Amino acid sequence: MSEDIYDLTIIGGGPAGMYAAFYSGIRAMKTKLIEAKPQLGGFMWRYPEKMVWDVGAVGPTRCESLIHALEKQARTFDPTVVLGQEINDLTRREDGVLIVRSNCGAVHYTRTVLLCAGRGITELEKLRLEGEPQQDWNNLYYTVNDCAVFAGKHVLVSGGGNAAVDWANDLHDHGAHVTIVHRRTQFDALERNIERLYEHAAILTPYALHQLQGQNDDITHVSLSHSENGSMQQFTVDAVLINHGYKRNYDALQAWGLHMGDYGIIVNESMHTGIPGVFGAGDCVSYGSKVRLIAGAFNDAVLGVNSAMRYIDPNATKMAGVSSHHERFRERNLQLRSLS
Ligand SMILES: Cc1cc2nc3c(=O)[nH]c(=O)nc-3n(C[C@H](O)[C@H](O)[C@H](O)COP(=O)(O)OP(=O)(O)OC[C@H]3O[C@@H](n4cnc5c(N)ncnc54)[C@H](O)[C@@H]3O)c2cc1C
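Calculation criteria
Residues numbered from 1 in each chain as written. Predicted model: local features only at pLDDT ≥ 70, side-chain atom pairs only at ≥ 80, totals over all residues. Heavy atoms only, no water. Phe/Tyr/Trp six-rings, centres within 6.5 Å; stacked < 30°, edge-to-face > 60°. Helix = DSSP H or I, 4+ residues; strand = E, 2+ residues; numbered from the N terminus. Buried < 20%, exposed > 50% of the residue type's maximum accessible area, 1.4 Å probe, protein only. Lys NZ or Arg CZ within 6 Å of the ring centre and 35° of its normal. Near = heavy atom within 4 Å. Polar contact = N/O pair within 3.5 Å; in protein donor to acceptor, adjacent residues only side chain to side chain. Areas by Shrake-Rupley, 256 points an atom, 1.4 Å probe, with all protein chains shown as cover. Nonpolar A, V, L, I, M, F, W, Y, C, P; charged D, E, K, R; others polar. UniProt positions renumbered as here; feature names shortened; annotations may be inferred. Pairing = 2+ DSSP bridges. Contact = heavy atoms within 4.5 Å. Axes fitted to C-alpha atoms, helices over the stretch in contact; angles between N-to-C directions. Salt bridge = Lys/Arg side-chain N within 4 Å of Asp/Glu carboxyl O.

Novice: Can you walk me through the packing of aromatic side chains in this structure?
Specialist: Each aromatic ring pair is summarised here by two numbers: the centre-to-centre distance and the angle between the ring planes. Taken as a whole and judged by the stated rule, the model has 8 aromatic pairs. Their ring planes at 55 degrees and their centres at 5.7 Å tell us that Y19 and F22 sit as a pair that is tilted. A residue pair is termed a helical-turn pair when its members lie 3 or 4 positions apart in one helix, as Y19 and F22 do in helix α1 (residues 15-26) at 3 residues. Between F22 and F77 the ring centres are 6.0 Å apart and the planes differ by 25 degrees, which places this aromatic pair in the stacked class. You can see F22 sitting in helix α1 and its partner F77 sitting in the loop between α2 (63-74) and β5 (80-83), a full 55 residues away along the chain. With a relative accessible area of 9%, F22 lands in the buried category. The buried category is assigned to F77, whose relative accessible area is 15%. The ring of Y6 has K30 lying over it, and the distance from NZ or CZ to the ring centre is 4.8 Å.

Novice: Help me understand the site of the ligand in this model?
Specialist: As a structural note, the neighbourhood of the ligand is formed by 29 residues, with E35, F43, Y47, D54 and D283 the closest of them. D283 places a polar main-chain atom, nitrogen or oxygen, 2.8 Å from an oxygen atom of the ligand. Computed on the free molecule, the ligand has an accessible area of 1000 Å², of which 89% lies beneath the protein chains in the complex. Taken together, the residues that form the shell around the ligand break down as 14 nonpolar, 8 polar and 7 charged.

Novice: It is not clear to me how the UniProt feature "domain: FAD/NAD(P)-binding" (unreviewed entry) in the protein should be interpreted in this structure. Could you clarify?
Specialist: If you check UniProt for "domain: FAD/NAD(P)-binding" (unreviewed entry), the listed places come out as residues 6-296 in our numbering. For residues 6-296, helix accounts for 18% and strand for 33%, while the C-alpha atoms at its two ends are 26 Å apart.

Novice: Honestly, the sheet that holds strand β13 (residues 202-204) in this entry has me stumped. Any pointers?
Specialist: Strand pairing in a sheet relies on backbone hydrogen bonds. The paired strands run either parallel or antiparallel. The parallel open sheet is built from 5 strands, whose spatial order is β10-β17-β11-β12-β13. Each edge of the sheet is formed by a strand with only one pairing partner; in this case those strands are β10 (140-141) and β13. Pairing of β10 with strand β17 (residues 239-242), which is carried by 2 bridges, proceeds in the parallel orientation. Across the sheet, residue Y141 finds its bridge partner in β17, namely L241. Most of the contacts of helix α3 (residues 162-173) go to strand β12 (residues 177-181), to which it runs at about 165 degrees, and overall it touches β11 (154-158), β12 and β17.

Novice: Whenever I open this one, the pattern of salt bridges confuses me. Can you help?
Specialist: Side-chain pairs of opposite charge can arise where the charged atoms are in close proximity. This structure, assessed with the given rule, holds 13 salt bridges. The salt bridge partner of E3 is R93, with a shortest N-O separation of 2.8 Å. On the criterion of sequence distance, the pair formed by E3 in the segment before β1 (5-11) and R93 in the loop between β6 (87-92) and β7 (98-102) is long-range, its members being 90 residues apart. Here the residues in one salt-bridge network are E3, R93 and D95, joined through shared partners.

What follows is the structure, given as structure tokens:
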């Protein structure tokens, strides 16, 4: 790979990374966006079917549409987008240029880095049943891409957090008959969603999945064991949806000398990590008033990009000018007006 030095290299292509790629374009920074997965979108791909209401101005939108809109915006100024590379090494050359390396041996040169790694390289907590070999069941799900598939079916949801309770409610709204099983007696989710759950779902607590049984790779029955007394129950099911959470994994970043707190990389109010030229944004960072929402990721991204810009050029303005009056959009605005 040629030694092409970028102003800003963004690591992670979720909402924070995508918005940073757009905003750094307003600042005319030469930008590269690197994502470990084969597509941009980040954690939002865990709930593509959900309606998202709390992103400013967009109104209720299917999450998948939001991902596509964000990606389109991210590509406004044609940043270099690299997919399928997990970044796991950062070093600095004598002239201050940062060298970022990926798991496949690729090397990237950059003046600044914006870490937008979310929860890191997340892994779903997969179902592991004692004494049962892993099997690729056709109707065992870890996320839902299309709720309509479950209409009229008996679905067993396993899990007790927000995601499990939300899916149980959503699947009911799409005509599924829902049973939810949780190893504890209390659900750890929003109160109003738990109330809704109790209105429609068959609730089995404290129970845990014990065995899946079926034919031709289709689960037809599940057995559950009582978490306290071990008594067993058996159910007929059409589908099983597992929501046992995600493992955060910052292993790839651990060795960089970042200050890690309980909830991520500690940054100051300028999104500075403490390593010269390295900033953070989105769910991977931790500071006093951090908001773990898409809107919070956007705000962090703006702050992080502005700080990176000022690291490269201390005389640069504190923030980019507002888009409504920005020279970078003049030609585009003329084109858009001529089309309308
Ligand atoms: C079930 C659920 C529902 C939610 N609903 C909402 C909602 O309705 N509204 C809302 O505002 N928020 C919601 N959120 C929160 C929202 O999804 C997050 O706040 C947001 O995704 C954070 O964006 P991010 O870009 O910081 O991180 P992420 O979206 O996690 O993206 C990080 C990206 O970085 C990549 N990455 C990590 N490490 C590396 C590496 N070493 N090299 C290369 N790439 C790397 C990952 O693959 C990932 O794609 C929800 C969260 C959950 C769990």
